[in-house]
Amino acid sequence: MTLSRPSLLSSMFLSAILLAACGKKEEKKSEAAPAQEQPAAAAAAPIEITANDQMQFSTKAIEVPAGSQVTVILKNIGTMPKENMAHNFTLLKPGTVVADFATKAMAAKATDYIPAGDPSVIAHTKLLGPGESDTLKFTAPPAGEYPFLCTFPGHFALMQGTLTSK
Ligand code: CO
């Protein structure tokens, strides 16, 4: 009879220590200094977006420098009557559930489908009928991802996108 087998118990103990040493994942952002070419309040080029009778924005992704002065020009290039097909550009706070917000907005016909005083809204254009346009100016919010949509009833499913501030 031999007793030369390694101790199973001690190898299990070692495994437990190794598992415990597997520390939490740490995602650290680059230490690189932020770019200094632009002053914080620099005005970026206007961002032109069109909206059409097919319920499409011409872009679903916008990038802006955080803190810059942003100009969004929305043009409704459709021809359908405003009561059936109108568009706006509405920018929401990060984490806003777009479908939930759109449901609230649907009930706000008297204020062109923008719920009055809603804290989720950062900025919005007017509601535009065919051929109309509106220029919206705002200060780009802190770095993050901000949903935008058209709040006209039923449009958010197709008419939504993300503004990335960075
Ligand atoms: Co629309």
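**Here we look at the overall build of the protein chain**
- Secondary structure summary: the protein chain contains two helices and eight strands in total.
- Along the protein chain, from the amino end to the carboxyl end, the secondary structure elements read α-β-β-β-β-α-β-β-β-β.
- A total of 166 residues make up the protein chain; the buried ones form 36% of that total.
- In the protein chain, the share of contacts with a sequence separation of at least 24, taken over all contacts with a separation of at least 6, comes to 75%.
- In the structure as shown, the protein chain presents an accessible area of about 10,500 Å², 60% of it carried by carbon and sulfur atoms.

**A word on the pattern of salt bridges**
- Using the criterion set out here, one finds three salt bridges in the structure.
- Of the charged contacts, one joins Asp118 and Lys104 as a salt bridge, the two residues approaching to 2.8 Å between their closest N and O atoms. A residue pair is termed long-range when its members are at least 10 positions apart, and Asp118 in the loop between helix H2 (98-106) and strand S5 (121-124) and Lys104 in helix H2 qualify at 14 residues.
- Given a relative accessible area of 10%, Asp118 falls into the buried group.

**A few points about the confidence of the model for the protein chain**
- Chain-level statistics for the protein chain give a pLDDT mean of 84 and a share of 74% at 70 or above.
- Low pLDDT, under 50, characterises residues 1-33; the predicted model gives this stretch zero contacts beyond four residues in sequence or across chains.

**Some points on the packing of aromatic side chains**
- Scanning the model with the defined rule gives three aromatic pairs in all.
- Chaining the aromatic ring pairs together yields one cluster made of Phe57, Phe89 and Phe148.

**Re the sheet that holds strand S3 (residues 69-76)**
- As summarised here, the arrangement of the three strands in space is S1-S3-S6, forming an open sheet in which the pairing is mixed. The open sheet is flanked by strand S1 (47-51) and strand S6 (133-139), the only strands paired with a single partner. Going from strand to strand, the sheet's axes swing by 20° on average, the running direction of each strand aside.
- Sheet topology note: the S1/S3 ladder contains five bridges and is parallel. The residue bridging Ile49 from the neighbouring strand is Leu74, located in S3.

**Details of empty space enclosed by the protein**
- Under the counting rule described, the total for this entry stands at one cavity of 30 Å³ or more.
- The calculated volume of the largest cavity comes to roughly 30 Å³.
- Around the largest cavity, the lining residues are Ala102, Met106, Cys150, Thr151, Phe152, Pro153, Gly154, His155 and Phe156.
- For the lining of the largest cavity, the per-class residue count stands at six nonpolar, three polar and no charged.

**Focus on the coordination of the cobalt ion**
- Note on the cobalt ion: its protein donors are His87 (ND1), Cys150 (SG), His155 (ND1) and Met159 (SD). The metal-donor distances range over 2.1 to 2.7 Å.
- Coordination at the cobalt ion comes from four donor atoms whose angles at the metal span 83 to 132°, giving a geometry best classed as irregular.
- Mapped onto the sequence, the residues coordinating the cobalt ion show the spacing H-x62-C-x4-H-x3-M.
- Overall, Met159 belongs to the buried group, its relative accessible area being 0%.

Cut-offs applied
- Residues numbered from 1 in each chain as written.
- Predicted model: local features only at pLDDT ≥ 70, side-chain atom pairs only at ≥ 80, totals over all residues.
- Heavy atoms only, no water.
- Helix = DSSP H or I, 4+ residues; strand = E, 2+ residues; numbered from the N terminus.
- Buried < 20%, exposed > 50% of the residue type's maximum accessible area, 1.4 Å probe, protein only.
- Contact = heavy atoms within 4.5 Å.
- Areas by Shrake-Rupley, 256 points an atom, 1.4 Å probe, with all protein chains shown as cover.
- Salt bridge = Lys/Arg side-chain N within 4 Å of Asp/Glu carboxyl O.
- pLDDT = per-residue confidence, 0-100.
- Phe/Tyr/Trp six-rings, centres within 6.5 Å; stacked < 30°, edge-to-face > 60°.
- Pairing = 2+ DSSP bridges.
- Axes fitted to C-alpha atoms, helices over the stretch in contact; angles between N-to-C directions.
- 1 Å grid on protein atoms, 1.4 Å probe; cavity = no way out; pocket = protein on both sides within 12 Å on 5 of 7 lines; lining within 4 Å.
- Points joined across faces, edges and corners; volume = space filled by probe spheres on them.
- Nonpolar A, V, L, I, M, F, W, Y, C, P; charged D, E, K, R; others polar.
- Donors = N, O, S within 2.8 Å, 3.2 Å for Na, K, Ca; no water.
- Tetrahedral: all angles 85-135°; square planar, octahedral: opposite > 155°, others 65-115°.

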